[in-house]
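Here are the chains, one letter per residue:
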Amino acid sequence: MSIIEATGIYKTYQETKVPVNALNGVDLKIEEGEFTAIVGPSGSGKTTLLNILGGLDLPTKGDILIENTNLKTLGSRQLIDFRLHNIGFVFQAYNLIPVLTAKENTEFIMELQKIPKKERSKKAMELLEAVGIADKADHKPGQLSGGQQQRVAVARALASKPRFIIADEPTANLDSRSTNELLEIMAEMNRKYHSTFIFATHDQRVMDKAHRIVTIDDGKIIGDETFEGR
Amino acid sequence: MKTLIKIAWRNLWRNRRRTILTASAVVLALFLALIMRSMQFGSYEQMIRAGVNQTGDLQVHDTGYWANQSIDRAFFYRKKLGETLHGIKEIKSILPGLQTFSLASYKKQTKGVLISGIDAAVYNKQNHLSNKIIRGKYLNPNKNEVLLGDKLAEFLKMHVGDTLVLLGQGYRGITAYGIYRVAGIFHLPSIEMNSEIVYMNLKTAQNFVYPYQPGLLTSLSVFIKDPGQLQTVKTETEHRIGPNYEVITWKTMLSDILQTIKADNVSGQIMLLILYIIAAFGIFSTVLMMTMEKRRQYAIMVSIGMEREKLVWVSIFETFIISVIGIVIGLILASPIIYYLHFHPIPITGEMAKMYLQFNIAPVLPFSIKAHIFLSQTIIILVLSLLSALYPIIYLSKFNVLKAFRH
């Protein structure tokens, strides 16, 4: 069953006198439980596509259906609420809230979902345990390495029980060891919780783990391969 | 909400030095504003007190006297009236007075004067008139004598011991006349008073104006225990003494002093405005920097599902916390100083001191400890701070998440 169905997506930026066509008619379906990498050269439109799939941006043209909800029909407040309950984010630069500890960062999204304190505290510790960083629960992002911060970001993304997780170049700032560990964690989450992951990446190691690789160039999908058995 | 406050609090202490500097701007502004206003209001209170010592907090007249100050609007003191006034527990003391206009002559000189009949002992207790005598002696309550201002004595070419002739209109159309020995010559700060007033004992004045019935008065000056209760006491007095009498407060009688205070207050307010602007810019620049610095943090929060309104609250809490820290420290620093200077006013010396004394004002700079000074300054600083939060409120309500991510 498709949880994301993007049809005829165009995105044009008009920030300068010359309009920039970032996406030129993208059609994409993502099934539940997929571990998909969107790859392509810089400026190919990966991040734009991810932003649109994640409801952070809206297409100039085309429809984006997430489990039958057309994101274009949602107001800005509804969109924020939609993201809160349906989409998890892992960013390239970790983007944790710097003044909150690892546990508080993980709990924060559950607090926004109005989950009772006891329950969210327990869940946050479980998730930090799952990503192997429970011992650093009381550390703030500034006291954690890049790899550790990204693990917290994964825990935070999973905390809201999203329909899918969007990860934009999640390994770009990590060393090999941290990258492998993070990928292993995400793959484990995918297997264990059947979480749907969509990555934008240049990283071959991520591509090697992906079940499906969608290649994009000049704002168009030019390749879509599925790898059974990964 | 607890988490939002926690985020705001921690955000502030991420840049400890900046927060301390901003709070210091609030402390300084509030401290200076409190000291300035307290000193200013202290002086005003002192001026008003000096004026009220002359007039009383309230005056009771025959109805219509204040608008038309004629001797024909005088009234006879009745025991019942006195008992009624003394029956009001907020009233401390009552000072009867009789004022009328007359011609004063000595040899070939004649001048229009204001006759003021006073209870010499009580009046002196209240106004220290005996200290203003520059020649001769203060009034003897048992003698038909007068005190002249130095300017009037100079005009009439009179000296202590000379006899003054008074001729004027008495009560109910009679002619008032009399001759009185000059007991002393006084000097008051007001040229007008020095050249116009003739003081005499109340009984002497009553005999001068209407010798056929004792007890004629134009006013009863009423002194109250708590000046803050002025309006209440006025209303109660009016209610009790009935419509045959009018009750006037010092605010009407000393309207010229109030005008002076009002004008002076404007200059104080301009100084305060400058202080407020400095403080507001201090807070605003911090709020601006914090907003710009945290654009990425805001973008993260909105992207993961935090409503913009909650971010606005974080920003308001940040500004509020800085302001409250500044206000609390400002109050802690300023209050003991103001309290000390209220009970131990700064003494004024030299020519300035002489001038104060001439106006019957103690030569000190008193500080007011009225709660409204502390309250108003605190509220103004708080409101200014919260106004500074308008910028992040506007920014947060419309910032572009993706653009903010790029910063």
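Residues numbered from 1 in each chain as written. Chains lettered and ligands numbered in written order. Predicted model: local features only at pLDDT ≥ 70, side-chain atom pairs only at ≥ 80, totals over all residues. Heavy atoms only, no water.

A word on the overall build of chain A
Phase 1 of the analysis: When you go through chain A residue by residue, the secondary structure sums to seven helices and 10 strands.
Phase 2 of the analysis: Scaling as 2.2 N^0.38, a compact globule of 230 residues should have a C-alpha radius of gyration of about 17 Å, and chain A matches this with 17 Å.
Phase 3 of the analysis: By principal-axis analysis of the C-alpha atoms, chain A measures approximately 50 × 40 × 40 Å.
Phase 4 of the analysis: Considering only intrachain contacts with a sequence separation of at least 6, the fraction spanning at least 24 residues in chain A is 68%.
Phase 5 of the analysis: In the structure as shown, chain A presents an accessible area of about 10000 Å², 48% of it carried by carbon and sulfur atoms.
Phase 6 of the analysis: Once the 29 positive and 31 negative side-chain charges of chain A are each reduced to a mean point, those two points are 5 Å apart. (Helix = DSSP H or I, 4+ residues; strand = E, 2+ residues; numbered from the N terminus. Rg over C-alpha atoms; globule rule 2.2 N^0.38 Å. Contact = heavy atoms within 4.5 Å. Areas by Shrake-Rupley, 256 points an atom, 1.4 Å probe, with all protein chains shown as cover. Lys, Arg positive; Asp, Glu negative; His and termini not counted. Charge placed at Lys NZ, Arg CZ, Asp CG, Glu CD.)

What to know about the packing of aromatic side chains
Phase 1 of the analysis: Applying the stated criterion across every chain yields a total of 19 aromatic pairs over all chains.
Phase 2 of the analysis: Relative to F317(B), the ring of W313(B) has its centre 5.7 Å away and its plane inclined at 35°; by these criteria the two rings are tilted. Taken together, the positions of W313(B) and F317(B), both in helix α12 (residues 308-343) and four residues apart, correspond to about one turn of that helix.
Phase 3 of the analysis: Its relative accessible area of 14% is what places F317(B) among the buried residues.
Phase 4 of the analysis: In this structure an aromatic cluster arises from ring pairing among F284(B), Y298(B), Y391(B), Y395(B) and F399(B).
Phase 5 of the analysis: Across from the ring centre of Y10(A), 4.7 Å away, lies the NZ or CZ of K61(A), which sits over that ring. (Phe/Tyr/Trp six-rings, centres within 6.5 Å; stacked < 30°, edge-to-face > 60°. Buried < 20%, exposed > 50% of the residue type's maximum accessible area, 1.4 Å probe, protein only. Lys NZ or Arg CZ within 6 Å of the ring centre and 35° of its normal.)

Observations concerning the interface of chain B and chain A
Phase 1 of the analysis: In this complex, chain B contributes 24 residues to the contact, which on the side of chain A involves 26 residues.
Phase 2 of the analysis: Considering only the surface of chain B that becomes buried against chain A, R10(B), I304(B) and L402(B) emerge as the three largest contributors, covering 28% of it.
Phase 3 of the analysis: Where chain B touches chain A, the interface holds three salt bridges.
Phase 4 of the analysis: K6(B) is paired through a salt bridge with E104(A); the nearest N and O atoms lie 3.1 Å apart.
Phase 5 of the analysis: In this structure, the connection of chain B to chain A is made through eight residue pairs in polar contact (both at pLDDT 80 or more).
Phase 6 of the analysis: Elements with a minimum of two residues in the side of chain B that touches chain A: α1 (2-14), α11 (295-303), α12 and α16 (401-406) of chain B.
Phase 7 of the analysis: Here the side of chain B that touches chain A is composed, by residue class, of nine nonpolar, five polar and 10 charged. (Buried area = accessible area lost by both parts, 1.4 Å probe. Salt bridge = Lys/Arg side-chain N within 4 Å of Asp/Glu carboxyl O. Polar contact = N/O pair within 3.5 Å; in protein donor to acceptor, adjacent residues only side chain to side chain. Nonpolar A, V, L, I, M, F, W, Y, C, P; charged D, E, K, R; others polar.)

A few points about helix α3 (residues 79-86) of chain B
All names here are of chain B.
Phase 1 of the analysis: Within α3, burial applies to L81, G82, T84 and L85. For α3, the angular spread of the buried residues around the axis is 160°, confining them to a single face. α3 presents K79, K80 and H86 as exposed residues on the side facing more than 90 degrees away from its buried surface.
Phase 2 of the analysis: Looking at the buried positions of α3, the neighbouring elements they touch are β1 (58-62), β2 (75-76), β3 (91-106), β11 (219-224), α8 (230-241) and β12 (245-249). (Arc of directions from axis to C-beta.)

A closer look at unusual backbone geometry
Residue and element names in this part refer to chain B.
Phase 1 of the analysis: The backbone of K107 shows a phi angle near 50°, a positive value even though the residue is not glycine.
Phase 2 of the analysis: Residue position: K107 is located in the loop between β3 and β4 (109-118).
Phase 3 of the analysis: Assessed through its relative accessible area of 72%, K107 is described here as exposed.
Phase 4 of the analysis: The residue K157 is not glycine, and still its phi comes out positive at about 55°.
Phase 5 of the analysis: Position of K157 relative to the elements: it lies in the loop between α5 (150-156) and β7 (163-169).

Some points on the pairing of strand β4 (residues 61-66) of chain A
Residues and elements named next belong to chain A.
Phase 1 of the analysis: By the bridge criterion, five bridges tie strand β1 (residues 2-13) to β4 in an arrangement that is antiparallel. Paired with T7 across the strands is D63, a residue of β4.
Phase 2 of the analysis: Between the antiparallel neighbours β4 and strand β5 (residues 69-70) lie two residues, among them E67 with a positive phi of about 45°. (Pairing = 2+ DSSP bridges.)

Describing the side chain of T106(A)
Phase 1 of the analysis: Note on placement: T106(A) falls in helix α3 (residues 102-112).
Phase 2 of the analysis: Ignoring sequence-local partners within four residues, the contact set of T106(A) consists of A124(A), L127(A), L128(A), V152(A), A155(A), R156(A) and A159(A).

Considering the packing of α12(B) against helix α15 (residues 390-398) of chain B
Residues and elements named next belong to chain B.
Phase 1 of the analysis: Close contact between α12 and α15 brings their axes to 9 Å; oriented N to C, the two are set at 160°. In terms of axis orientation, α12 runs roughly antiparallel to α15. Where α12 crosses over α15, the two elements pack in a sense that is right-handed. From α12, R308, L311, V312, S315 and I316 reach across to α15, where they touch P392, I393, L396, S397 and K398.
Phase 2 of the analysis: Tallied by class, the residues present in the contact of α12 with α15 amount to six nonpolar, two polar and two charged. (Axes fitted to C-alpha atoms, helices over the stretch in contact; angles between N-to-C directions. Parallel < 35°, antiparallel > 145°, perpendicular 65-115°, else oblique. Left-handed = near helix turned anticlockwise from the far one by under 90°.)

As for the domain arrangement of chain B
Often, the extent of an interface is quoted as the loss of accessible area on bringing the components together.
Phase 1 of the analysis: Taken domain by domain, chain B holds domain 1 (2-52 + 257-406) and domain 2 (64-242).
Phase 2 of the analysis: The centre of domain 1 of chain B, based on its C-alpha atoms, is set 49 Å off from the matching centre of domain 2 of chain B. (Domains from an automatic or database assignment.)

Considerations on a nonpolar patch on the surface
All names here are of chain B.
Phase 1 of the analysis: Where nonpolar side chains cluster on the molecular surface, the patch consists of L375, I379, V383, L387, L390 and I394 and spans about 540 Å² of accessible area.
Phase 2 of the analysis: Per element, the largest residue contribution to the nonpolar patch is four residues, and it comes from helix α14 (residues 371-388).
Phase 3 of the analysis: With respect to the helices and strands, I394 occurs in helix α15.
Phase 4 of the analysis: Residue class for I394 comes out partly exposed when judged on its relative accessible area of 46%. (Patch = residues over 30% accessible without salt bridge, like charges linked within 9 Å, V, L, I, M, F, W, Y side chains within 5 Å.)

Considering α12(B)
Phase 1 of the analysis: With 36 residues, α12(B) should reach 52 Å at 1.5 Å per residue; the first-to-last C-alpha distance of 52 Å fits that figure.
Phase 2 of the analysis: Along α12(B), the sharpest change in direction is near 25° and occurs at A334(B); proline P336(B) comes one to four residues later. (Expected span 1.5 Å × (residues − 1). Bend = angle between axes of the 7 residues up to and from the residue.)

Examining the nonpolar core
Phase 1 of the analysis: If you look at the biggest cluster of nonpolar residues, it comprises 99 residues, and the most contacted ones within it are I4(A), L28(A), I38(A), L53(A), I64(A), F108(A) and F399(B).
Phase 2 of the analysis: Among the nonpolar cores identified, the runner-up in size contains 79 residues, and V26(B), I174(B), Y245(B) and A280(B) belong to it. (Core = buried A, V, L, I, M, F, W, Y, C linked by side-chain atoms within 4.5 Å.)

Quick notes on the sheet that holds strand β8 (residues 197-201) of chain A
Residues and elements named next belong to chain A.
Phase 1 of the analysis: Spatially, the six strands line up as an open sheet ordered β6-β7-β8-β3-β9-β10, and their pairing is mixed. With one partner strand each, in any of the chains shown, β6 (87-90) and β10 (220-226) form the two edges of the open sheet. Going across the sheet, the axis of each strand differs from the next one's by a mean of 20°, ignoring polarity.
Phase 2 of the analysis: Relative to β6, helix α2 (residues 76-86) is tilted by about 80°, and along the sheet it contacts β6 and β7 (164-168).

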